Amino acid sequence: TLFYMPHCPMRLYGNVLWANWDGSLWNGGIVIYGNNFHGYDDRILSKEERADPTNAVLKIIPHLNAKQIDGLTIKSSSGVESDLLVKMENAFNDCVVTTFDAAQKKSGGDDEGDGPERPEEYVFDDEEG
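Treat the numbers as computed from the prediction; the structure is a model and nothing was measured.

Peer 1: It is not clear to me how the packing of aromatic side chains should be interpreted in this structure. Could you clarify?
Peer 2: On inspection of all chains with the given rule, the structure shows five aromatic pairs. Relative to Tyr-33, the ring of Tyr-4 has its centre 5.6 Å away and its plane inclined at 15 degrees; by these criteria the two rings are stacked. With a gap of 29 residues between them, Tyr-4 in strand 1 (residues 2-5) and Tyr-33 in strand 2 (residues 27-35) connect regions that are remote in the sequence. Judged by its relative accessible area of 57%, Tyr-4 falls in the exposed class. An angle of 85 degrees between the planes, with centres 5.8 Å apart, marks the rings of Trp-21 and Trp-26 as edge-to-face. In this pair, the class of Trp-21 matches that of Trp-26, namely buried. An aromatic cluster of at least three residues, connected via ring pairs, comprises Tyr-13, Phe-37 and Tyr-40.

Next up, the structure:
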């Protein structure tokens, strides 16, 4: 299943990961085209956010394969790059194709080789926010 998710919030990525954690996530059945998860790791500084037991994105980083798509340049039909086309290209500069596989899961999990433990489910509380 391909999830096309450029510019989605981290929580939405976490929901996709959580929903597929015990199923097709680890057998190559899930592909995400979207934000580079390493960018979230670089930008999250607070200890509270890093310790969030529902944060599937940070938990999965050591077990993913992310590939940048090279050669995506946008040219107008005349071959001249316009400001608009350059802005469109820059909008996707942090996007990667992310996959997860059983070999990655077994290489860094618990003692039984089952990979990282499934994060807790996130449930939105209207009263919190």
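Next comes the rest of the account.
Peer 1: Even after reading the chapter, I still don't get the environment of Thr-54, so can you show me in this structure?
Peer 2: For Thr-54, the location among the structural elements is in the loop between helix 3 (47-51) and helix 4 (56-60). Accessibility expressed as a relative area gives 13% for Thr-54, which makes it buried. Spatially, the C-alpha atoms of Thr-54 and Val-123 are 9.2 Å apart, while their sequence positions differ by 69 residues. Leaving out residues up to four positions away in the same chain, Thr-54 has contacts with Arg-11, Pro-119, Glu-120, Glu-121 and Tyr-122.

Peer 1: I tried to follow helix 1 (residues 10-20) on my own but got confused; where do I start?
Peer 2: Given 3.6 residues per helical turn, the α-helix brings residues three or four places apart onto the same face. Along helix 1, the positions that sit buried rather than exposed are Tyr-13, Gly-14, Val-16, Leu-17 and Asn-20. In a view along the axis of helix 1, the buried residues occupy a sector of 160 degrees, so they form one face of it. For helix 1, the elements touching its buried residues are strand 1, strand 2, helix 2 (37-43), helix 4 and strand 4 (95-101).

About the thresholds
Residues numbered from 1 in each chain as written. Predicted model: local features only at pLDDT ≥ 70, side-chain atom pairs only at ≥ 80, totals over all residues. Heavy atoms only, no water. Phe/Tyr/Trp six-rings, centres within 6.5 Å; stacked < 30°, edge-to-face > 60°. Helix = DSSP H or I, 4+ residues; strand = E, 2+ residues; numbered from the N terminus. Buried < 20%, exposed > 50% of the residue type's maximum accessible area, 1.4 Å probe, protein only. Contact = heavy atoms within 4.5 Å. Arc of directions from axis to C-beta.

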